[in-house]
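# Structure at a glance
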Amino acid sequence: MAVTLRGRLATSQFGAMEAKSSRELQARNYLEKHRIMELLTYLTSALLFSRPEKPREYLISILEQLRTAKVSGMAFPFFMDNSNITAMFQMLDSSNKGSISFIQYKEALKTLGLCTADEVLKDDGHGITCEKFMLEV
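Only a predicted model underlies this, so the values are computations on that prediction, with no experimental measurement involved. All residue numbers here refer to positions counted from 1 along the written sequence of the relevant chain. Confidence filtering applies because this is a predicted model: local features only for residues at pLDDT of at least 70, side-chain atom pairs given and counted only at 80 or more, and all residues used for totals across whole chains, interfaces and linings. Side-chain metrics in this entry use all non-hydrogen atoms of the structure; hydrogen atoms and water are not considered.

## Looking at the nonpolar core
The biggest cluster of nonpolar side chains holds 14 residues, and the ones touching the most others in it are F89, I100, Y105, L109, I128, F133 and V137. What counts as a helix is a DSSP run of H or I of at least four residues, what counts as a strand is a run of E of at least two, and both are numbered from the N terminus. The set of elements that each furnish at least two residues to this core consists of helix 4 (82–92), helix 5 (102–111) and helix 6 (130–136). In terms of residue count, the dominant contributor to this core is helix 5 (4 residues). Ranked by size, the runner-up nonpolar core spans 6 residues in total, among them Y42, L43, Y58 and L66. To form a nonpolar core, buried Ala, Val, Leu, Ile, Met, Phe, Trp, Tyr and Cys residues must be joined to one another through side-chain atoms within 4.5 Å. The classification of residues rests on relative accessible area computed with a 1.4 Å probe and restricted to protein chains. Under 20% of the type maximum is buried, over 50% is exposed, and intermediate values are partly exposed.

Right, here's the structure in full:
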C-alpha cells in the first residue's frame, strides 16, 4: 500500500510540475509575443530618467503617447536626446576609436529595449560609428 501511495504522489507531483512548466512557458510566450518586458523596461527607464513628482500620471501619459503614436503612425516617444545618445556611444567607445563593435551595438539596443535578444540584425563586418549609432537609436 505504501508503494502505491508513493507512486501516486510521485505521479501527482510530476503532473503538477509539468502543468507549472506549461503555464510558465505560456506566460513567457505571451510576454515575448506582446513585447511586455521591452515595454516595462522602457517605462522604467523613462520614469527613472525624468523622476516626475507624480509617477503614475507620468506613466499614464507615456502609455497614451505610445497608443497615439501607434494609431496615427507618429514617431515613437523617446526620452533621450542626441547628447544622451552621444554620451552612451562614448562610454561604449572607451578607447576613442570612433567606432564600437557590432556586439556592443546590439547589446546597447537590447538594453534600451529597441531590439529583442532573438532579433536578427545584419552585421556588415564594419564597426558602428557614432553617426550610425545615433541614427539607429
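## So, the environment of I85
Among the secondary structure elements, I85 is positioned in helix 4. Spatially, the C-alpha atoms of I85 and V137 are 7.5 Å apart, while their sequence positions differ by 52 residues.

## Topic: the layout of surface pockets
Here a cavity means grid points, on a 1 Å grid over the protein atoms only, where a 1.4 Å probe fits yet cannot get out; a pocket means an open set of points with protein on both sides within 12 Å along at least five of seven lines; lining residues are those with an atom within 4 Å of a point. Grid points are joined across faces, edges and corners, and a volume is the space filled by probe spheres set on the points. Each pocket or cavity is described by its volume, and for the second largest pocket that value is around 180 Å³. Those elements that provide at least two residues to the lining of the second largest pocket are helix 1 (2–33) and helix 2 (36–50). Charged residues are taken to be Asp, Glu, Lys and Arg, nonpolar residues to be Ala, Val, Leu, Ile, Met, Phe, Trp, Tyr, Cys and Pro, and polar residues to be all remaining types, Gly included. A per-class count over the lining of the second largest pocket returns 2 nonpolar, 3 polar and 6 charged. Counting contributing residues per domain, the lining of the second largest pocket is built from domain 1 (11–72) and domain 2 (82–136), each supplying no fewer than three. For the domains described, the bounds stem from an automatic or database domain assignment.

## Quick notes on helix 5
Along helix 5, the positions that sit buried rather than exposed are F102, Y105, K106, A108 and L109. Mapping the buried residues of helix 5 onto a view down its axis gives an arc of 160°, with all of them on the same face. Away from its buried face by more than 90 degrees, helix 5 exposes I103 and T111. Looking at the buried positions of helix 5, the neighbouring elements they touch are helix 4, strand 1 (99–100), strand 2 (128–129) and helix 6. Here, the arc refers to the directions that run from the helix axis to the C-beta atoms. Throughout, a residue-residue contact means that at least one pair of heavy atoms, one from each residue, lies within 4.5 Å.

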